[in-house]
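Coordinates in review
So you can see what is in the structure, the chains are spelled out below.
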Amino acid sequence: MKFLYDDESFSFEALRAAGYAAYAGADLGEVLVTCRQIPEGDEDAWSAQWAATAARIERIGRDALAAGHRVSAREALLRASNYYRTADFYRRENPAADAESARLAKASQQTFADAAPLLDTPARALRIPYEDTTLPGYLFLADDSGTPRPTVLFHGGYDSTLEEDYFALAAGALRRGYNVIAFDGPGQGSTVREQGLHFRPDWEAVVTPVVDFALTVPEVDTERLVLIGMSLGGYLAARAAAFEHRLAACVLYDGVYDLHAVIAATAARGASTPGGMEALMAQDTMARWVVRNGRWTFGVSGIDELVKATEAYTMAGIADRITCPTLVLEAENDQFFKGQPQRLLDELTCQKELITFREDEGAGEHCHEGAMFLFHQRTFDWLDTLLAD
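Each chain has its residues counted from 1, running along the sequence as written. Local features in this predicted model are restricted to residues of pLDDT 70 or higher, and side-chain atom pairs are both shown and tallied only at a pLDDT of 80 or more, whereas totals for entire chains, interfaces and linings draw on every residue. As a rule here, side-chain values come from all non-hydrogen atoms in the structure, and water together with hydrogens is ignored.

**Observations concerning the pattern of salt bridges**
Threshold: Within this document, salt bridges are pairs made up of a side-chain nitrogen of Lys or Arg and a carboxyl oxygen of Asp or Glu, the two lying within 4 Å of each other. Only protein chains enter the calculation, and the probe is 1.4 Å; a residue is then buried if its accessible area is under 20% of its type maximum, exposed if over 50%, and partly exposed in between.
The final tally for this structure, using the stated rule, is 27 salt bridges. As a salt-bridge pair, arginine 200 and aspartate 202 come within 2.8 Å of each other at their nearest N and O atoms. Judged by relative accessible area, arginine 200 falls into the buried class, the value being 18%. Aspartate 202 gets classed as partly exposed once you look at its relative accessible area, which sits at 23%. Through salt bridges with shared partners, a single network forms among Glu13, Arg16, Asp159 and Glu164.

Here you go:
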């Protein structure tokens, strides 16, 4: 679904930023005036213009907060957080040495952290014990009653951040009476930037400590824990659910069977391009971003190492170990994992269901960007029915 740009990656990321307007993460006019100042495929302009918009909206939020306007401050700070994340998105050539990338990421984290206490039920920042360190998270509560409620454990994927998790899922869950523990695992958000943690294929080693933590939270209904993973998280959550059996349900948003196949296909495209991978990356925004982001989040130096590092990221021979009811989501026009949700579904032996989101209903993009309400309606209606049994 084309949105503002011919470049597939720019179109998708603009739609992603705009789609969070559903939960106060954007305002359409702000998205339009920002994007019209960004030439097609110009990553430097993308970063600069989104950063300028973010700073302008942050100032609105800071002024409102100083004046005691709680709702106005919250709304502006939430939008600023999303815009700062968007500004940083393409800065992946060498993020560890990119001061502006670090500034934008920190600004996205801080504006959200300052908005979190302003939510109707304030969110709690978490540090979840993990091996010899901790993982950052937020506990979002549907209300302040202290009543144990069904609780979603939610993480992102290849590039999402803890702060984005609120717009992508938590806000919709809260409206329906679910609590949410959102967290960044290794390779995600601040864990890779500040802690040097990289992705690992055995994601049960990440989720099991989160489950352990959730069971200590008084507001969590321990019999109704739901694991949801977004984007690459569709593999990560599936892998975790195959070995962590204290879950009442799992939602794969969207289903991912084999990351390695996607990375290997990118490498093959590079090998067949005159001039090799460098030439492909110079001319293809999506390929350039996939390789650069992968080098950083997996802790490798190039495409060959990335291909090797992703070999273990497959559900082959593992999917049938999932025992909890599992919902697999699929996007008709998914540009990353097309066909993989069905392949994963076919190998599941648990109670299962596939929901396909179509282009003609405005929901066919990867992770249904631009269709948050439809995605949440179908997902949580399925969970409501399942957990009521």
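**Observations regarding a nonpolar patch on the surface**
Threshold: Exposure above 30% relative accessible area and no salt bridge define the residues that can form patches, which grow by joining like charges within 9 Å and nonpolar side chains of Val, Leu, Ile, Met, Phe, Trp and Tyr within 5 Å. Every accessible area reported is derived by Shrake-Rupley at a probe size of 1.4 Å, with residue values counting cover from the shown protein chains alone. In DSSP terms, a helix is any run of H or I states spanning at least four residues, a strand is any run of E spanning at least two, and both are numbered starting from the N terminus.
There is a patch of nonpolar side chains on the surface, built from Leu4, Leu28 and Leu32 and spanning about 250 Å² of accessible area. Along the chain, the position of leucine 4 falls in the segment before α1 (8-19).

**Section: the environment of alanine 316**
Operational definition: Contact criterion: two residues are considered in contact whenever any of their non-hydrogen atoms come within 4.5 Å of each other.
Examined against the element boundaries, alanine 316 turns out to sit in the loop between α13 (303-309) and β7 (326-331). Residue classification places alanine 316 among the partly exposed positions, given a relative accessible area of 40%. Along the backbone, alanine 316 and arginine 343 are 27 residues apart, and their C-alpha atoms lie at a distance of 9.8 Å. Leave out the neighbours within four places in its chain, and alanine 316 touches Tyr257 and Glu347.

**Examining the state of the cysteines**
The term disulfide refers to a covalent linkage connecting the sulfur atoms of a pair of cysteines. Under the convention used in this document: To count as a disulfide, a pair of cysteine sulfur atoms needs to be within 2.5 Å.
One pass over the structure, following the stated rule, counts zero disulfides. We note that cysteine 250 lacks a disulfide partner, and the nearest cysteine sulfur, in cysteine 324, lies 5.2 Å from it. A residue is classified by how much of its surface remains accessible, and cysteine 250, at 0% relative accessible area, is buried. Cysteine cysteine 350 shares no disulfide, and the gap to the nearest cysteine sulfur, in cysteine 324, comes to 6.3 Å.

**Description of the UniProt feature "domain: AB hydrolase-1" (unreviewed entry) in the protein chain**
Under the convention used in this document: UniProt positions are given in the numbering used here, feature names are shortened, and annotations may be inferred rather than shown by experiment.
Feature annotation in UniProt assigns "domain: AB hydrolase-1" (unreviewed entry) to the following positions: residues 152-367. With 43% helix and 17% strand, residues 152-367 has its two end C-alpha atoms placed 18 Å apart.

**Section: the packing of aromatic side chains**
Filter applied, for reference: Stacked, edge-to-face and tilted labels apply to pairs of Phe, Tyr and Trp rings (six-membered ring for Trp) whose centres lie within 6.5 Å, assigned for plane angles under 30 degrees, over 60, and everything in between, in that order.
Counted by the stated rule, this structure contains 28 aromatic pairs. Ring centres of phenylalanine 112 and phenylalanine 167 lie 6.4 Å apart, and the angle between their planes is 85 degrees; this geometry places the pair in the edge-to-face category. One end of the pair, phenylalanine 112, is in helix α5 (residues 99-115); the other, phenylalanine 167, is in helix α6 (residues 162-175), with 55 residues separating them in the sequence. In terms of burial, phenylalanine 112 and phenylalanine 167 fall into one category: buried. Between phenylalanine 199 and phenylalanine 298, the ring centres sit 5.1 Å apart and the planes meet at 40 degrees, which makes this aromatic pair tilted. One end of the pair, phenylalanine 199, is in the loop between α7 (190-194) and α8 (204-214); the other, phenylalanine 298, is in helix α12 (residues 285-298), with 99 residues separating them in the sequence. Judged by its relative accessible area of 7%, phenylalanine 199 is buried.

**Thoughts on the side chain of threonine 314**
Definition in use: Identification of polar contacts relies on pairs of N or O atoms within 3.5 Å, with a donor-acceptor requirement for protein atoms, meaning one able to donate a hydrogen and the other able to accept it, and with residues adjacent in sequence counted only if both atoms are side-chain atoms.
Topologically, threonine 314 is positioned in the loop between α13 and β7. Note on threonine 314: relative accessible area 16%, which makes it buried. Within the local environment of threonine 314, its side chain forms a polar contact with the backbone nitrogen of alanine 316, the two atoms lying 3.1 Å apart.

**Notes on the packing of helix α10 (residues 259-272) against helix α11 (residues 276-283)**
Quick note on the threshold: Between N-to-C directions, angles cover 0 to 180 degrees, with each direction set by a line fitted to C-alpha atoms, over the stretch in contact for helices. Every angle not falling under 35 degrees, over 145, or within 65 to 115 is termed oblique; those three ranges are roughly parallel, roughly antiparallel and roughly perpendicular. Residues are sorted three ways: Asp, Glu, Lys and Arg are charged, Ala, Val, Leu, Ile, Met, Phe, Trp, Tyr, Cys and Pro are nonpolar, and all the rest, Gly among them, are polar.
The contact between α10 and α11 brings their axes to 6 Å, and the two run at 105 degrees. In terms of their interaxial angle, α10 and α11 are classed as roughly perpendicular. Contact residues: Thr266, Ala267, Arg269 and Gly270 in α10; Gly276, Met277 and Leu280 in α11. Across the contact of α10 with α11, the residue classes break down as three nonpolar, three polar and one charged.

**Regarding helix α3 (residues 43-66)**
What counts here: In this scheme, a helix's expected span is set at 1.5 Å multiplied by one less than its residue total.
Given a rise of 1.5 Å per residue, 24 residues ought to cover 34 Å, and the 34 Å separating the end C-alpha atoms of α3 matches this to within 8%. On its buried side, α3 packs onto α1, α2 (28-35), α4 (70-88), α5 and α12. If you check the start of α3, you find a side-chain oxygen 3.2 Å away from the backbone N of aspartate 44, and it comes from aspartate 42. Directly beyond the C-terminal end of α3, a positive phi value near 85 degrees is found at glycine 68.

**A closer look at the sheet that holds strand β4 (residues 179-183)**
By definition, the strands of a sheet pair up through backbone hydrogen bonds, in either a parallel or an antiparallel sense. Put simply, the rule reads: One requirement defines pairing of two strands: DSSP has to find at least two bridges between them.
Strand order in the open sheet formed by eight strands is β1-β2-β4-β3-β5-β6-β7-β8, with mixed pairing between adjacent strands. The open sheet has two edge strands, β1 (124-130) and β8 (352-357), and neither has a second partner. Ignoring strand direction, the axes of neighbouring strands in this sheet form an average angle of 25 degrees. Summarising the sheet, strand β3 (residues 149-155) and strand β5 (residues 220-230) pair through six bridges and their orientation is parallel. Within β5, the residue paired with phenylalanine 154 across the bridge is isoleucine 228. Its contacts with the sheet place α8 against β1, β2 (133-140), β3, β4 and β5, and it is angled at close to 125 degrees to β1.

**Observations concerning the nonpolar core**
The following threshold applies: Remark: nonpolar core denotes a set of buried residues (Ala, Val, Leu, Ile, Met, Phe, Trp, Tyr, Cys) joined through side-chain atoms within 4.5 Å.
Counting 91 residues, the largest nonpolar core has Trp50, Leu153, Ile181, Met315 and Ile322 as its most contacted members. It is helix α9 (residues 233-243) that contributes the most residues to this core, seven residues altogether. Other than its neighbours up to four places away in sequence, isoleucine 322 contacts Ala238, Ala241, Ala242, Met315, Leu348 and Cys350.

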